[in-house]
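# Notes for the structure review
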Amino acid sequence: MMNINYFLDDAQNSRQGQFELDFADVITCFDTTSTTLVTECGRTLVINWNDAGFFKSYHVVYETAQMECVVNRDMVLKVIDLLETIEVDGETMQYILNKVGMEDQMLRQLIMSQPIEEVRYMIEEREEYEEEFEYEGDIEDLQRN
């Protein structure tokens, strides 16, 4: 199967021009510094090249695969556009998630999808934050404000 690792292995062992010739059928965009392609699992992979045409870095765009399973895709894209237009901040997004009853589910999804080191760091940060207050009521008072 031609998954992300398959393409990365090939990119790290060839130059940009040869890579693009080999995978022209799955490449969606390319220029002198990057190549964008879609894997068989529906993920978008962007490979960056240095000036000499050798592999430099990469990143994966996971939204491509996620949007394929969204039922009301067009409406979701409109909501995203609206949120970007109003430049929604973290507190407002949390309020929206709470109002639509998705705050707990989103918390779980984010925790389960992040690297464990990042989750541990956040838990440690939260524990340190709580230790700064003399009693639990202080945190609840802050969360209400």
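First, a word on scope: everything that follows refers to the structure included in this document. None of these values were measured; they are calculated from a predicted model.

### A word on the nonpolar core
The biggest cluster of nonpolar side chains holds 13 residues, and the ones touching the most others in it are Phe7, Phe19, Phe23, Leu37, Leu45 and Ile47. Listing elements by their share of this core, those giving two or more residues are α1 (4-12) and β3 (44-49). Looking at this core element by element, the count peaks at four residues for α1. Setting aside residues no more than four positions away along its own chain, Phe19 makes contact with Phe7, Asp10, Ala11, Ser14, Thr35, Leu37, Ile47 and Trp49.

### Looking at the packing of aromatic side chains
By the definition in use, this model includes five aromatic pairs. Judged by centre distance (6.0 Å) and plane angle (85°), the rings of Tyr6 and Phe23 are edge-to-face. With a gap of 17 residues between them, Tyr6 in helix α1 and Phe23 in the loop between α2 (16-22) and β1 (27-30) connect regions that are remote in the sequence. Look at Phe23 and you get buried, because its relative accessible area is 5%. Seen in terms of ring centroids, Phe7 and Phe23 are 5.0 Å apart; in terms of plane orientation they differ by 75°. Their pairing is edge-to-face. With a gap of 16 residues between them, Phe7 in helix α1 and Phe23 in the loop between α2 and β1 connect regions that are remote in the sequence. A residue is classified by how much of its surface remains accessible, and Phe7, at 0% relative accessible area, is buried.

### Things to note about a nonpolar patch on the surface
Taken together, the side chains of Tyr95, Ile96 and Val100 present a nonpolar region at the surface, about 290 Å² in accessible area. Its place among the elements puts Ile96 in helix α5 (residues 90-99). You can call Ile96 partly exposed: its relative accessible area is 31%.

### Let's talk about the sheet that holds strand β2 (residues 34-38)
Taking strand neighbours across the sheet as the criterion, the four strands line up as β1-β2-β3-β4 in an open arrangement whose pairing is antiparallel. A strand with exactly one partner marks an edge of an open sheet, and here the two such strands are β1 and β4 (55-61). Ignoring which end each strand starts from, the neighbouring axes of this sheet average 15° apart. Pairing of β1 with β2 involves three bridges; the strand directions are antiparallel. Across the sheet, Ile27 pairs through a bridge with Leu37, a residue of β2.

Scoring rules and cut-offs
Residues numbered from 1 in each chain as written. Predicted model: local features only at pLDDT ≥ 70, side-chain atom pairs only at ≥ 80, totals over all residues. Heavy atoms only, no water. Core = buried A, V, L, I, M, F, W, Y, C linked by side-chain atoms within 4.5 Å. Buried < 20%, exposed > 50% of the residue type's maximum accessible area, 1.4 Å probe, protein only. Helix = DSSP H or I, 4+ residues; strand = E, 2+ residues; numbered from the N terminus. Contact = heavy atoms within 4.5 Å. Phe/Tyr/Trp six-rings, centres within 6.5 Å; stacked < 30°, edge-to-face > 60°. Patch = residues over 30% accessible without salt bridge, like charges linked within 9 Å, V, L, I, M, F, W, Y side chains within 5 Å. Areas by Shrake-Rupley, 256 points an atom, 1.4 Å probe, with all protein chains shown as cover. Salt bridge = Lys/Arg side-chain N within 4 Å of Asp/Glu carboxyl O. Pairing = 2+ DSSP bridges. Axes fitted to C-alpha atoms, helices over the stretch in contact; angles between N-to-C directions.

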